[in-house]
Amino acid sequence: MLKYINLRGQQLSPSQLRGVLPRAELDVSAALEGATKLIDEVRAQGDAALVAQAERFDGVTPTHLRVPKAELTAALETLDPKVRAALEEMIVRVRKASEAQVPPATTTTLADGAVIDQRWMPVNRVGLYVPGGKAVYPSSVVMNVVPAQVAGVTSIAIASPAQQACGGGIHPTILAAAELLGVDEVYAMGGAGAIGAFAYGVPAIGLDPVDVITGPGNVWVAAAKRAVSAVAGIDAEAGPTEILVIADDSATPAYVAADLLSQAEHDELAGVVFVTDSEPFAEQVNAELAAQAAATPHADRVRISLTGSQSAIVLVDDLEAACAVSNAYGPEHLEIHTRDNDATLAGITNAGAIFMGEYSPVPLGDYIAGSNHVLPTGGQAAHASGLGAYTFLRAQQIIRYDRAALAEVTERIQAIANDEDLPAHANAVALRAANDGA
């Protein structure tokens, strides 16, 4: 089912590994011009552009662009009690884990009378995008809203595409999740237009611009985030989901196959990579994967993902080489199933989230582990982290020097300022020194 890439006996550099490893082809830059045009339509035409784009791309006219509070209340009242209980537990766990991500305020004393305070301030307003497409994602509502609330953001707006199946409204489970979290500013809008609306505002529907935009989406959403990144902060340019599993022959083939399959069902472009030092074990996993894939309700979608250029089994000499492969790939989701998981983990540097052992599958993190499922894709884990409370925080340094502390460093400030040919800088401290001597 999965093709093989045999790296045994080869000593490849990280750049060489990146050249041979499978990856979904997603060119955000190719969509940038089109996304920018859609954003410009929203800036010029406001709500009319959002309605026209919904009709064009989603095949439906939104019943409301801003969802009435009564619809949110009704959605929660009619929510399946089991789903509600699961969402409530998810909220509790994600909130607890997110609280650990808020850094404490600190004070550094450099000398007598020379103090720097560092505090973390939330942004004022955020726009959170919840995708539509092949599935319904109330979990993404939780994963976006809870960290923002924990960070202290007081103004939160949610956007999600209008759905044909919902008569031009947003799926009621998404609305119910928003209501559970106390968010009543929800908009039926999607794609690049929604990102533009967040960045620039739409006065006709009461939508004010936001400071930060987060949430996953398709290539148009990713391109739109890039287009507005000079106006609003963004979390990342999300691409198709991906999983990389490192396993040796101590693992259970059925578990490894099931976890690979769980991500393949997201999308035809989902990347599925299995790295092992045992070819017989690889064959067992591949056979199990074929059997499970044939039985899944999304068999056609899964088959395209598993047989695509973005998916493969990678054979390596040992687990050290497996870690090198994983670090070069920088997976969104990394699972480790080895005899000594902690020893394997010690070799890992680049990953969005890491799932340890047979009883920590990726779907646990998708829903109720307490970790966040909005994670860097496309190798961005080499330089970016997943969504968290810190996404919505800004570090601010507060400088407090008294007269004596400034006097102590005045000559040094002047020396550097004069060397950089910035005499007004030197004068700003020299003036105080002169006055102090008067």
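Basis of the calculations
Residues numbered from 1 in each chain as written. Predicted model: local features only at pLDDT ≥ 70, side-chain atom pairs only at ≥ 80, totals over all residues. Heavy atoms only, no water. Patch = residues over 30% accessible without salt bridge, like charges linked within 9 Å, V, L, I, M, F, W, Y side chains within 5 Å. Areas by Shrake-Rupley, 256 points an atom, 1.4 Å probe, with all protein chains shown as cover. Salt bridge = Lys/Arg side-chain N within 4 Å of Asp/Glu carboxyl O. Lys, Arg positive; Asp, Glu negative; His and termini not counted. Charge placed at Lys NZ, Arg CZ, Asp CG, Glu CD. Helix = DSSP H or I, 4+ residues; strand = E, 2+ residues; numbered from the N terminus. Buried < 20%, exposed > 50% of the residue type's maximum accessible area, 1.4 Å probe, protein only. UniProt positions renumbered as here; feature names shortened; annotations may be inferred. Contact = heavy atoms within 4.5 Å. Pairing = 2+ DSSP bridges. Polar contact = N/O pair within 3.5 Å; in protein donor to acceptor, adjacent residues only side chain to side chain. Axes fitted to C-alpha atoms, helices over the stretch in contact; angles between N-to-C directions. Phe/Tyr/Trp six-rings, centres within 6.5 Å; stacked < 30°, edge-to-face > 60°. Lys NZ or Arg CZ within 6 Å of the ring centre and 35° of its normal.

**Re a negative patch on the surface**
A cluster of acidic residues, Asp277, Asp317, Asp318 and Glu320, forms a negative patch at the surface. Tracing the sequence through the fold places Glu320 in helix 13 (residues 319-329). Residue class for Glu320 comes out exposed when judged on its relative accessible area of 65%.

**Some details on the UniProt feature "active site" (unreviewed entry) in the protein**
In the UniProt entry, the feature "active site" (unreviewed entry) is given for Glu332 and His333. As for its position among the elements, Glu332 is in the loop between helix 13 and strand 12 (333-337). The exposure class of Glu332 is buried, given its relative accessible area of 6%. In this structure, Glu332 is in contact with Pro240, Thr241, Glu242, Gly352, Ala353, His373, Leu375, Pro376 and Thr377, ignoring residues within four places of it in sequence.

**Side note on the pairing of strand 4 (residues 125-129)**
When you tally the buried positions in strand 4, you get five out of five residues, the bulk of the element. The side-chain alternation of strand 4 yields two buried faces, one formed by Arg125, Gly127 and Tyr129 and the other by Val126 and Leu128. Across five bridges, the pairing between strand 4 and strand 5 (residues 155-160) is parallel. When the sheet's bridge partners are listed, Tyr129 is paired in strand 5 with Ala159. The pairing of strand 4 with strand 7 (residues 212-214) spans three bridges and is classified as parallel. Each residue of the ladder has a partner; that of Val126, found in strand 7, is Val212.

**Remarks on the UniProt feature "binding site: Zn(2+)" (unreviewed entry) in the protein**
Here, UniProt's "binding site: Zn(2+)" (unreviewed entry) annotation points to Gln263, His266, Asp366 and His425. For the annotated residues, spread through 163 residues, the largest C-alpha to C-alpha distance comes to 56.9 Å, inconsistent with a single compact locus. The residue Gln263 is located in helix 10 (residues 253-264) in this model. Looking at Gln263, the relative accessible area reads 0%, which means it is buried. Tracing the chain through its elements places His266 in the loop between helix 10 and strand 10 (271-276). At 3.5 Å, the side chain of His266 forms a polar contact with the side chain of Tyr137.

**Regarding the sheet that holds strand 5**
The five strands are arranged 6-5-4-7-8 in an open sheet whose pairing can be described as parallel. Two strands lie at the open edges of the sheet, namely strand 6 (186-188) and strand 8 (233-234), each paired on one side alone. Of the strands in this sheet, strand 4, strand 7 and strand 8 are in contact with helix 9 (residues 219-228), which crosses strand 7 at around 165°.

**Things to note about the packing of aromatic side chains**
Enumeration over the complete set of coordinates arrives at two aromatic pairs. On the numbers, 6.3 Å between centres and 65° between planes, the contact of Tyr255 with Tyr359 is edge-to-face. Within this pair, whereas Tyr255 is found in helix 10, its partner Tyr359 is found in the loop between strand 13 (353-356) and helix 15 (362-367), the two being separated by 104 residues in sequence. Overall, the relative accessible area of 67% leaves Tyr359 in the exposed class. Ring centres of Phe274 and Phe281 lie 6.0 Å apart, and the angle between their planes is 70°; on these two criteria the pair is classed as edge-to-face. The positively charged end of Arg23 is found above the aromatic ring belonging to Tyr329, 3.8 Å away from the centroid. Positioned above the aromatic ring of Tyr200, the side-chain terminus of Arg43 is 3.8 Å from the ring centre.

**Describing the sheet that holds strand 14 (residues 393-401)**
Ordered in space as 2-3-14, the three strands form an open sheet in which the pairing is antiparallel. Every other strand in the sheet has two partners, leaving strand 2 (106-111) and strand 14 as the edge strands with one partner each. Neighbouring strand axes in the sheet, compared pairwise and without regard to direction, differ in orientation by 20° on average. Sheet analysis places strand 3 (residues 114-122) next to strand 14, joined by nine bridges and oriented antiparallel. By the bridge assignment for strand 14, Arg119 is matched with Gln396.

**Here we look at the pattern of salt bridges**
Counted by the stated rule, this structure contains 12 salt bridges. Residue Lys37 is joined to Glu33 by a salt bridge in which the shortest nitrogen-to-oxygen separation is 3.8 Å. On the criterion of helical spacing, the pair formed by Lys37 and Glu33 is a turn pair, its members being four residues apart in helix 2 (residues 28-45). Across the pair, exposure class does not vary: Lys37 and Glu33 are exposed alike.

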